[in-house]
Amino acid sequence: MTTTDPAGTPAAAGFRPVPADLARYDTGLVDAAAHLGIAASHLSGLADAGLPHVRDAGRGALFDYTDLTNAAYFSGSNTSIPELAWRFLLRFGQSSPATWYRPQTWDVTVRPPVTSGRVARELGPLRLAVPDSAAPGVELLGALEPPGEAAWDGGPPAARGYQVSAYRIVVRLSGAEDQVRDPRIRSAYDAVLDALDSGATTYQAVAEALRSDPDRAWELGMADCVVASRRLTARLRAAGLTARTRRGYLLGLVGGDHTWCEVQEDGRWKALDPVFAHLIGRTGAGGAFREACRGSRFNRLLPCAVEDAAPLIVRAGGEPVPLWALAGVSARPRREEA
């Protein structure tokens, strides 16, 4: 195999590539294009322009999947799956503020990624994070179907909060309009949001291995919701505040993995979401929603019972799965009775 020089990977592409020591070049161009909903010619053009990859004699160009996800997200095609997913999931931020907070009952189904053959054998048995029924605004209307468990026999401590199989729940989520007041909280939040808005830090997909080192990711100028939330949590704790990083699902017809920060103030947890604020700001709308991201809880976010934004899917030993191994999440709102 031969490897391209990752130095100077196209800044014009709008993202920063996975560091060479963490990259996994195992995704072919045709498979990636089909999975991401982007033209193979676009990916080929980026490879020619310097997108890191290796050349395999049998398979041709092989890429890191995180780099490919970013290539699709920044393609400007308006048709790639990453672009369409975030546009759809953020539509609620442009709706009436009342719809962000009122109690909403959801039918939610979570399934492991569909795999077969070599891929299934490579991943092995998978565990899915279960909802945190003790979180503010979360009311499970009945048990998990099939029944879940907080940990499995013989599992490591990191496995707590997961169950083995797919599950279906009915859950009522209640939002809460709120704001943080402490200048230390507002300063830490504004610093993270300003870095995203200014472009000093690029919002993009980040490899799971780099998510566990948010300071390095931030220094490299890249952040996703996990990195940004962990960074904000660390700043708040350094200021002497009680803060935590939460991870769960943003519910919609197609659900998505999302992470945010929470801080204790006035005897309750207040949610901080600089990534949502940044993304809605890029649409040119959502002034009220941007402000709501500084303390309010939304009725589309289902927190899971994992600590410090741990992955929502893990292997049997607790190791995270690759970025492409996404849970299948679907959620349908029920009509609330007056």
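Quantities reported herein were computed from a predicted structural model and do not represent experimental measurements. (Residues numbered from 1 in each chain as written. Predicted model: local features only at pLDDT ≥ 70, side-chain atom pairs only at ≥ 80, totals over all residues. Heavy atoms only, no water.)

A. Looking closely at helix 11 (residues 274-282). Counting buried positions along helix 11 gives 7 out of 9 residues, so the element sits mostly inside the fold. Count one or two residues on from helix 11 and you reach Gly284, which has phi positive near 85°. (Buried < 20%, exposed > 50% of the residue type's maximum accessible area, 1.4 Å probe, protein only. Helix = DSSP H or I, 4+ residues; strand = E, 2+ residues; numbered from the N terminus.)

B. The nonpolar core, seen in detail. Formed by 46 residues in total, the largest nonpolar core has its most connected members in Leu236, Leu272, Phe276 and Phe298. In terms of residues, this core owes the most to one element, helix 7 (residues 183-198), which gives 7 residues. Beyond its immediate chain neighbours, meaning those up to four positions away, Leu236 contacts Arg184, Ile185, Ala188, Leu241, Ala243, Cys261, Val263 and Leu272. Residues Val171, Leu173, Leu251 and Leu302 belong to the second largest nonpolar core, which totals 30 residues. (Core = buried A, V, L, I, M, F, W, Y, C linked by side-chain atoms within 4.5 Å. Contact = heavy atoms within 4.5 Å.)

C. Structural view of the pattern of salt bridges. Applying the stated criterion to the full structure yields 24 salt bridges. One salt bridge connects Arg332 with Asp107, and the closest N-O pair in it is separated by 3.1 Å. Residue Arg332 is located in strand 18 (residues 328-333), and its partner Asp107 is located in strand 5 (residues 104-111); the two are separated by 225 residues in the primary sequence. Linking Asp182 and Arg184 is a salt bridge whose minimum nitrogen-to-oxygen distance equals 2.7 Å. Classification of Asp182 as buried rests on a relative accessible area of 17%. By relative accessible area, which is 40% here, Arg184 ends up partly exposed. (Salt bridge = Lys/Arg side-chain N within 4 Å of Asp/Glu carboxyl O.)

D. Representation of the sheet that holds strand 7 (residues 138-140). With antiparallel pairing, the 4 strands of this open sheet are ordered in space as 7-9-5-18. Each edge of the sheet is formed by a strand with only one pairing partner; in this case those strands are strand 7 and strand 18. Across the sheet, the mean angle from the axis of one strand to that of its neighbour is 30°, orientation sign disregarded. Of the strand pairs in this sheet, strand 5 and strand 18 are connected by 6 bridges, and their pairing is antiparallel. Paired with Trp106 across the two strands is Pro333, which belongs to strand 18. (Pairing = 2+ DSSP bridges. Axes fitted to C-alpha atoms, helices over the stretch in contact; angles between N-to-C directions.)

E. Structural detail: the packing of aromatic side chains. Under the definition given, this model contains 12 aromatic pairs. Between Phe92 and Phe289 the ring centres are 5.3 Å apart and the planes differ by 90°, which places this aromatic pair in the edge-to-face class. Taken as a pair, Phe92 in the loop between helix 4 (81-89) and helix 5 (98-101) and Phe289 in helix 12 (residues 287-292) lie far apart in primary sequence, 197 residues in all. Each of the two residues, Phe92 as well as Phe289, counts as buried. An aromatic cluster is present here, built from Phe92, Trp100, Tyr101, Phe276, Phe289 and Phe298 joined pairwise through their rings. Positioned above the aromatic ring of Trp269 is the side chain of Arg244, whose terminal nitrogen or guanidinium carbon lies 3.8 Å from the ring centre. (Phe/Tyr/Trp six-rings, centres within 6.5 Å; stacked < 30°, edge-to-face > 60°. Lys NZ or Arg CZ within 6 Å of the ring centre and 35° of its normal.)

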